[in-house]
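# Fold and geometry: a report
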Amino acid sequence: MKLFLLKLKHSFPLTTNGFFLLIICIYLLGYGWGSNNLYALLFSILGFLFLFLFLTINLLLKAKNQYEGFFLNTSKTIYSRLQNQTLDVVFNFYVPIFFRVHYVLTGNFIVGRKASFSCYFHESFLPSKNQKNLEIPVYFPFCGSLRCLAYVSIRDIFGLTKIRIGAIQNVNLLVLPPFFPEKPVVYVLPSTTQENLRNIKTSDQEKYFMREYIPGDRLKDINWKSSIKIQELITKISPSSPEESHLIYVEIRPYHYGDKDGPQAILQLNYLKSWILSFLRVMKKEHPNYKFHIFTGKENLILEEEKEIESFAEVLAELNYIKEGRPIEIPYTTERFIFTTGFDKNLNSYLNSINSKVYLFRVIYGKNRTVKLFERFQFQLIPKLWIFIHEQKETFRAKPKIGKVVEEKIQLDYL
């Protein structure tokens, strides 16, 4: 239905300004003819001539370029919450002076359950023989799925006439969660003094590389003597033999107690997605032999290569909140990494059922970090009624039996 109405709209060759000019010309023609007013007749004839001239040129341009096309470069990766990004459109034609090409992208940007933006991107330019591409600046506050209709029209510079060229195209594009800036790799604990470092280097341990303990390391690889001395765990790695492969269990809990997603819930889940991706990439970069067993609340995945981690970003882009169902049987692991939000109300009861060591990463409401909904007053995305949903802010503390809790407090800035 929407596609039919859009075709019907573009079958009319006049813009709103052109339609009003036509009405005025008809009125002046009737008034001038009835009152013998030559000025009114003259202005009406000039208006008709302008409209006829521009329509004729538009029709000629359409006939000339009817076999030419345009396309949106969907291979380019677009990330949420990042500035200075563009959607690239390539054209295979150009138009003469006094006319411009208008590219319109309109549709929905889906960011959660029953939560989406109405999007309208409109850019115009004058293509030439040397430049046949258009860059549309975009800013997406959240990751999600962009589902739009794209079309191109030729208009005169006075905005009176328009002629659509080519077919209306369906555009499906994923906006991915961004990575966080990577932290530097630290192989020796900062609390280790220079004297301790010299003692370690000159001792019998100098045939080993030293770094801080990372969950998944074997107990027999821990340098207990040095660890007791500096009161932190240090792992020794032989330079002559690679580390054994480790399987790291990562659990994502995208659970929400409600049926609809509000702005704060969507923000927390989006930030959590970036946290997950950054964690996987840093761990993989530091330990290429690590493998990750990922549970997303719906499915289990095994990620082994860096390319698989990059592809996993597409899975996270479309991951929305779900209701928590029956607990899934998970093989026992000595450590597990759990990522969740402040809307996971059954978190503590779940943590009490876990006997292994837990590293909990949790995004909650707070004022430590702010994300803008609109950037530079570019209202290309207009949120729908879900933006007014008032959500109960969970403030309970997460308490695993054994392990650590890292929380990030974040809020949404509407202006």
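For the structure, check the block above.
Conventions and cut-offs
Residues numbered from 1 in each chain as written. Predicted model: local features only at pLDDT ≥ 70, side-chain atom pairs only at ≥ 80, totals over all residues. Heavy atoms only, no water. Helix = DSSP H or I, 4+ residues; strand = E, 2+ residues; numbered from the N terminus. Buried < 20%, exposed > 50% of the residue type's maximum accessible area, 1.4 Å probe, protein only. Contact = heavy atoms within 4.5 Å. Areas by Shrake-Rupley, 256 points an atom, 1.4 Å probe, with all protein chains shown as cover. Pairing = 2+ DSSP bridges. Axes fitted to C-alpha atoms, helices over the stretch in contact; angles between N-to-C directions. Patch = residues over 30% accessible without salt bridge, like charges linked within 9 Å, V, L, I, M, F, W, Y side chains within 5 Å. Salt bridge = Lys/Arg side-chain N within 4 Å of Asp/Glu carboxyl O.

## Regarding the overall build of the protein
- Tallying secondary structure elements over the protein gives 8 helices and 17 strands in all.
- A buried classification covers 47% of the 415 residues belonging to the protein.
- Relative to all contacts within the protein whose residues are 6 or more apart in sequence, the contacts with residues 24 or more apart total 74%.
- With an accessible surface of roughly 23,000 Å², the protein has 57% of that area assigned to carbon and sulfur atoms.

## Notes on the sheet that holds strand S1 (residues 70-72)
- Read across the open sheet, the 3 strands follow the order S1-S3-S6; overall the sheet is antiparallel. The sheet is open, and its two edges are formed by S1 and strand S6 (133-138), each paired on a single side. When the angles between neighbouring strand axes are averaged without regard to direction, this sheet yields 25°.
- Bridge analysis of S1 against strand S3 (residues 85-91) gives 3 bridges, and the strand direction is antiparallel. The residue of S3 that forms the bridge with Leu72 is Val89.

## Looking at the sheet that holds strand S14 (residues 335-341)
- In spatial order, the strands read S13-S12-S11-S14-S15-S17; together these 6 strands make up an open sheet with mixed pairing. Whereas interior strands pair on both sides, the edge strands pair on one side only; in this sheet they are strand S13 (300-303) and strand S17 (403-413). Across the sheet, the mean angle separating the axes of adjacent strands is 20° when strand polarity is ignored.
- Where strand S11 (residues 246-253) and S14 come together, 4 bridges link them in parallel fashion. Across the sheet, the residue bridging to Arg253 is Thr340, located in S14.
- The strands touched by helix H6 (residues 263-286) within the sheet are S11, strand S12 (290-295), S13, S14, strand S15 (357-372) and S17, with S17 carrying the most contacts at an inclination of about 135°.
- Across the sheet, helix H7 (residues 306-317) lies against S11, S12 and S13, angled at about 155° from S13, the strand it touches most.

## Considerations on a nonpolar patch on the surface
- On the surface, a nonpolar cluster with roughly 740 Å² of combined accessible area is contributed by Tyr39, Leu42, Phe43, Ile45, Leu46, Leu49 and Phe50.
- Since its relative accessible area comes to 51%, Phe43 is described here as exposed.

## With respect to the environment of Val89
- Along the chain, Val89 falls in strand S3.
- According to the relative accessible area criterion, Val89 is buried, its value standing at 0%.
- If we skip the residues at most four places from it in the chain, Val89 touches Phe71, Leu72, Tyr103, Lys132, Asn133, Leu134 and Ile136.

So far we have only geometry, and geometry alone does not tell us how the molecule works.
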